Amino acid sequence: MIEVRHIDKSYGSLSVLKDINWRVQRGQFWGIIGPNGSGKSTLISLLSGVEKPNRGEISLDGRLIAEYGRKKLSRKLAVLQQDGLPPVAYPVREVIEMGRFPFQNWRGREDSEAAQRLMDGIMDKLELNDLAHRPLHVLSGGQRQRVALGKVMAQQPEIVLLDEPTTYLDIRHQTQFMELVASWQREAGLTVVSVMHDLNLAALYCDHLLVLHQGRIVAEGSPAEIINSELIESVFQVQSHIVAHPDHGEPQLLLRKETSGKHGA
Ligand code: ADP
Ligand code: MG
């Protein structure tokens, strides 16, 4: 589905991504993790076609990204950032309908009943009916990010790219957001690539992780395969205990206090 071959990216003399090779299969849920400045957002910008690599190529379903027009690419791939929508005065339902732009005609309209049913379904699923006519700028951060997700859903992409989508949300809204993405993924066979700020949330929801450190891939695989305290220490420079989640065994990270000293090892 997504194939990244020998990508290098630099800004001026700063080399940000170095020889990135990576494949994403249809229907997978990938998390990208790594410290600040490791190149995660840059990789998302390259995948979404916003930035161009200095070397190497990226293809979607066997075609180079550069060959897709803007509307064609929008039907294939949607992007949601940390703060998905600015606090503007547009009402919720209208903002979600804006997600349909790749399907609209030159008058900016789409009259089909199917499109209206799609909107109704999204409003229900995201529990936005009570907010339908409220302007975005009066919503809470959690509500606004849910609207941003709705707009992306209206786009009906095959791939969704998320860049730290839950960073500004409290823990209830973080889990709610990840649950919504996970159920959309299951129902639509969607491919998800999400930069994840919270490693525990990443290990719970992503079935594959890509670890970036100083612009290079240093590990990739399932959370259980790759998350261990040596990797976490070498990449994030923190000491941790990794424990299995009591429900389903996913690796979860407990930070060690510097003052607790080293035990055993
Ligand atoms: P991450 O998302 O992992 O925190 P980024 O991909 O945003 O990292 O940034 C990686 C490096 O590239 C950082 O050193 C950042 O300052 C630099 N960088 C990112 N975007 C630009 C840009 N448009 N111009 C110059 N430098 C940039
Ligand atoms: Mg970033």
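On a predicted model such as this, the values are computed, not experimentally measured, just so you know.

Calculation criteria
- Residues numbered from 1 in each chain as written.
- Chains lettered and ligands numbered in written order.
- Predicted model: local features only at pLDDT ≥ 70, side-chain atom pairs only at ≥ 80, totals over all residues.
- Heavy atoms only, no water.
- Core = buried A, V, L, I, M, F, W, Y, C linked by side-chain atoms within 4.5 Å.
- Buried < 20%, exposed > 50% of the residue type's maximum accessible area, 1.4 Å probe, protein only.
- Contact = heavy atoms within 4.5 Å.
- Pairing = 2+ DSSP bridges.
- Helix = DSSP H or I, 4+ residues; strand = E, 2+ residues; numbered from the N terminus.
- Axes fitted to C-alpha atoms, helices over the stretch in contact; angles between N-to-C directions.
- Salt bridge = Lys/Arg side-chain N within 4 Å of Asp/Glu carboxyl O.
- Parallel < 35°, antiparallel > 145°, perpendicular 65-115°, else oblique.
- Left-handed = near helix turned anticlockwise from the far one by under 90°.

1. A few points about the nonpolar core
General note: in soluble globular proteins, nonpolar side chains tend to be found buried as a group. Counting residues in each nonpolar core, the largest one holds 49 residues, and the members touching the most others are Ile 33, Val 92, Ile 96, Leu 128, Val 147 and Leu 149. Dropping the residues within four chain positions of it, Leu 149 is found in contact with Leu 80, Leu 126, Phe 177, Leu 180, Val 181 and Trp 184. Of all hydrophobic cores here, the second largest spans 27 residues; its members include Val 4, Ile 58, Leu 60 and Leu 161.

2. A short note on the sheet that holds strand 1 (residues 2–11)
Judged by pairing direction, the sheet is antiparallel, and its 4 strands sit side by side in the order 2-1-4-5 without closing on themselves. Two strands close off the open sheet at either side, each with one partner strand: strand 2 (14–24) and strand 5 (63–64). Against the sheet, helix 1 (residues 40–47) contacts strand 1, strand 2 and strand 4 (55–60), and its axis sits at roughly 60° relative to strand 2.

3. Let's talk about the pattern of salt bridges
Within this structure, the stated rule accounts for 15 salt bridges. In this structure, Glu 158 engages Arg 26 in a salt bridge whose closest nitrogen and oxygen atoms are separated by 3.2 Å. Of the two residues, Glu 158 sits in the loop between helix 5 (141–154) and strand 7 (159–163) while Arg 26 sits in the loop between strand 2 and strand 3 (29–33), which places them 132 residues apart along the sequence. The exposure class of Arg 26 is partly exposed, given its relative accessible area of 47%. Put simply, Asp 61 and Lys 76 hold a salt bridge, and the shortest N to O gap is 2.7 Å.

4. A word on the packing of helix 4 (residues 113–125) against helix 5
It is the contact of helix 4 with helix 5, at a shortest axis distance of 10 Å, that shows an interaxial angle of 150°. As far as their axial angle goes, helix 5 and helix 4 are roughly antiparallel. Considering only the axes of helix 4 and helix 5, their crossing is right-handed. Each of Leu 118, Met 119, Ile 122 and Lys 125 in helix 4 lies in contact with helix 5, whose residues at this interface are Gly 150, Met 153 and Ala 154.

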